[in-house]
Amino acid sequence: MTLFSVAGKTVVVTGGSRGIGKMIAKGFRDAGATVYIASRKKHELDATAAELGCEAIQADLSTSEGIQTLVEAVSARESRLHVLVNNAGAAWGAPLEEYPEHGFDKVWNVNVKAIFFLTRAFLPLLRAAATPDDPARVINIGSIDGIRVPAMENYAYAASKAAVHMLTRQLAHRLARESITVNAIAPGPFESKMMAFALDDPELRGAIESTVPLGRIGRPDDMAGTAIYLASRAGSYLTGAVIPVDGGLSTHG
């Protein structure tokens, strides 16, 4: 099973205290990786770190200070970073005529700018881990809302996730020469705080499940398995890809 092994790798998962980030962090930890999780809310962060056996670093990645805090904390403990999972994200829904500029800015800062500047700040550690046979990995969490128009009016969110997909491709092109791969996962519906308003309502949940060709909401192993594949030897020749993990939703166009 060494083809899919991530044992002994050092992994950072942003937004790792809940939702998709927690699913990914647990998957890596269960597979034998050393995992650092980062988020803004200390109580959630500490609780998840204790539950999973991860290292916790409190940082607000919407600010340059928060990015610096995370990078310095990891650099003080590790000489190499094998996998960076850029999962931290924000959403803001509002009708077109009422969509606030500060909401747009918040979503863009967390979902796009933080990925770019955090990845750049971690390059020394990623380069230290990278080899031609086993590249360092950056895994960005996009969304199927960046592939197809969502039903809800999430203008900044959908635009930001489309930007994440293109940023992934551009970084992949630039960093391939340094044996660093950059790929994106585009999730469909999963259990998360962002989806709780719908999935906690049995009627809405059923309606969402009925639109998914595979007929169900995503499970933690679906997300963790894709991330582990991208981080393992099995995924070492893949870069610049955007992988929909959505039960077939994106096949609707």
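Residues numbered from 1 in each chain as written. Predicted model: local features only at pLDDT ≥ 70, side-chain atom pairs only at ≥ 80, totals over all residues. Heavy atoms only, no water.

(A) Region of interest: the side chain of Asn 154. Take Asn 154: it is sitting in the loop between β5 (136–141) and α6 (155–175). Judged by relative accessible area, Asn 154 falls into the buried class, the value being 14%. Not counting the four nearest positions on each side in its chain, Asn 154 is found in contact with Trp 92 and Gly 93. (Helix = DSSP H or I, 4+ residues; strand = E, 2+ residues; numbered from the N terminus. Buried < 20%, exposed > 50% of the residue type's maximum accessible area, 1.4 Å probe, protein only. Contact = heavy atoms within 4.5 Å.)

(B) Representation of the environment of Gly 218. Within the fold, Gly 218 resides in the loop between α8 (202–211) and α9 (220–231). Setting aside anything within four residues of it in sequence, one finds Gly 218 in contact with Pro 189, Phe 190 and Glu 191.

(C) Highlighting α9. Between the first and last C-alpha of α9 there are 17 Å, a value that for 12 residues agrees with the 16 Å anticipated at 1.5 Å per step. Taken as a whole, α9 has its buried residues at Met 223, Ala 224, Thr 226, Ala 227, Ile 228, Leu 230 and Ala 231. Turning to α9, the residues buried within the fold contact α1 (19–30), β4 (83–86), β5, β6 (180–187) and β7 (242–245). (Expected span 1.5 Å × (residues − 1).)

(D) Spotlight on helix α4 (residues 101–121). The largest bend in α4 is about 40°, located at Lys 113. The set of residues buried in α4 consists of Gly 103, Val 107, Val 110, Asn 111, Val 112, Ala 114, Ile 115, Leu 118 and Thr 119. In this structure, the buried residues of α4 make contact with β1 (10–14), α3 (64–77), β4, α5 (123–129), β5 and α6. (Bend = angle between axes of the 7 residues up to and from the residue.)

(E) How the structure looks around the UniProt feature "domain: Ketoreductase" (unreviewed entry) in the chain. Those places that UniProt annotates as "domain: Ketoreductase" (unreviewed entry) correspond, in this numbering, to residues 9–188. Secondary structure content for residues 9–188 is 48% helix and 18% strand, while the C-alpha to C-alpha distance between its ends is 27 Å. (UniProt positions renumbered as here; feature names shortened; annotations may be inferred.)

(F) A look at the packing of α4 against α6. At a minimum axis distance of 8 Å, the contact between α4 and α6 shows a crossing angle of 15°. The pairing of α4 with α6 is recorded here as roughly parallel in orientation. Judged by the sense of rotation from one axis to the other, the crossing of α4 with α6 is right-handed. For the pair α4 and α6, contact is made by Phe 104, Val 107, Trp 108, Asn 111, Val 112, Ile 115, Phe 116 and Thr 119 and by Tyr 155, Ala 156, Tyr 157, Ala 159, Ser 160, Lys 161, Ala 163, Val 164, Leu 167 and Leu 171, respectively. The residue makeup of the contact of α4 with α6, split by class, is 14 nonpolar, 3 polar and 1 charged. (Axes fitted to C-alpha atoms, helices over the stretch in contact; angles between N-to-C directions. Parallel < 35°, antiparallel > 145°, perpendicular 65-115°, else oblique. Left-handed = near helix turned anticlockwise from the far one by under 90°. Nonpolar A, V, L, I, M, F, W, Y, C, P; charged D, E, K, R; others polar.)

(G) Focus on the pairing of strand β3 (residues 55–58). Both strand β2 (residues 34–39) and β3 contribute to a ladder of 4 bridges, which runs parallel. Looking at β3, one finds that Tyr 36 is bridged to Glu 55. Handedness of the crossover joining β2 and β3 through helix α2 (residues 42–52) is recorded here as right-handed. (Pairing = 2+ DSSP bridges. Right-handed = clockwise from strand over helix to strand, strands pointing away.)

(H) The arrangement of unusual backbone geometry in detail. The phi torsion at Ser 179 lies on the positive side, around 60°, for a residue other than glycine. Structurally, Ser 179 can be placed in the loop between α6 and β6.

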